[in-house]
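A structural walkthrough
What follows is the residue order along each chain.
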Amino acid sequence: MVQAYILIQTEVGKATAVAESIAKIDGVVQAEDVTGPYDVIVRAQAESIDDLGRLVVAQVQQIEGITRTLTCPVVRL
């Protein structure tokens, strides 16, 4: 199982709607509005890094109002 944080920048005023839409995606554990350089932070999980990439590109990035994403896979050292 691969887990990651997805940091999201949105259009002004769209953070809540984006977080609510992302929270409905299968594989998303949590999606919250935050303050700072990013507007929404998502915790997601997938079976493989490829599946995680597909989740981000095919589902998360397709949500209206998102301007940029940064995916940070969790590592266990």
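Quick summary incoming for the structure in this document. No experiment lies behind these values; they were computed from the predicted model shown.

Our next topic: the pairing of strand 1 (residues 2-10). Burial runs high along strand 1: 7 of the 9 residues are buried. Relative to strand 3 (residues 40-46), strand 1 runs antiparallel, the two being bridged by 7 bridges. Note that in strand 3 the partner of I8 across the bridge is V40. Where strand 1 and strand 4 (residues 66-73) come together, 7 bridges link them in antiparallel fashion. Bridging from a neighbouring strand, I8 pairs with T69 of strand 4.

This brings us to helix 2 (residues 49-59). For helix 2, the complete set of buried residues consists of L52, L55 and V56. Relative to the axis of helix 2, the buried residues are bounded by an arc of 90 degrees and lie together on one face. Packed against the buried residues of helix 2 are strand 1, strand 3 and strand 4.

Now for the nonpolar core. Residues I6, I8, I22, V42 and V60 are the most contacted members of the largest nonpolar core, which totals 21 residues. Counting only elements with at least two residues in this core, the list comes to strand 1, helix 1 (15-23), strand 2 (28-33), strand 3 and helix 2. Filtering out sequence-adjacent residues up to four positions away, I8 remains in contact with V18, I22, Y38, D39, V40, V42, V60, I66, R68 and T69.

The rules behind each value
- Residues numbered from 1 in each chain as written.
- Predicted model: local features only at pLDDT ≥ 70, side-chain atom pairs only at ≥ 80, totals over all residues.
- Heavy atoms only, no water.
- Buried < 20%, exposed > 50% of the residue type's maximum accessible area, 1.4 Å probe, protein only.
- Helix = DSSP H or I, 4+ residues; strand = E, 2+ residues; numbered from the N terminus.
- Pairing = 2+ DSSP bridges.
- Arc of directions from axis to C-beta.
- Contact = heavy atoms within 4.5 Å.
- Core = buried A, V, L, I, M, F, W, Y, C linked by side-chain atoms within 4.5 Å.

No statement about biological role is implied by the geometric values presented.
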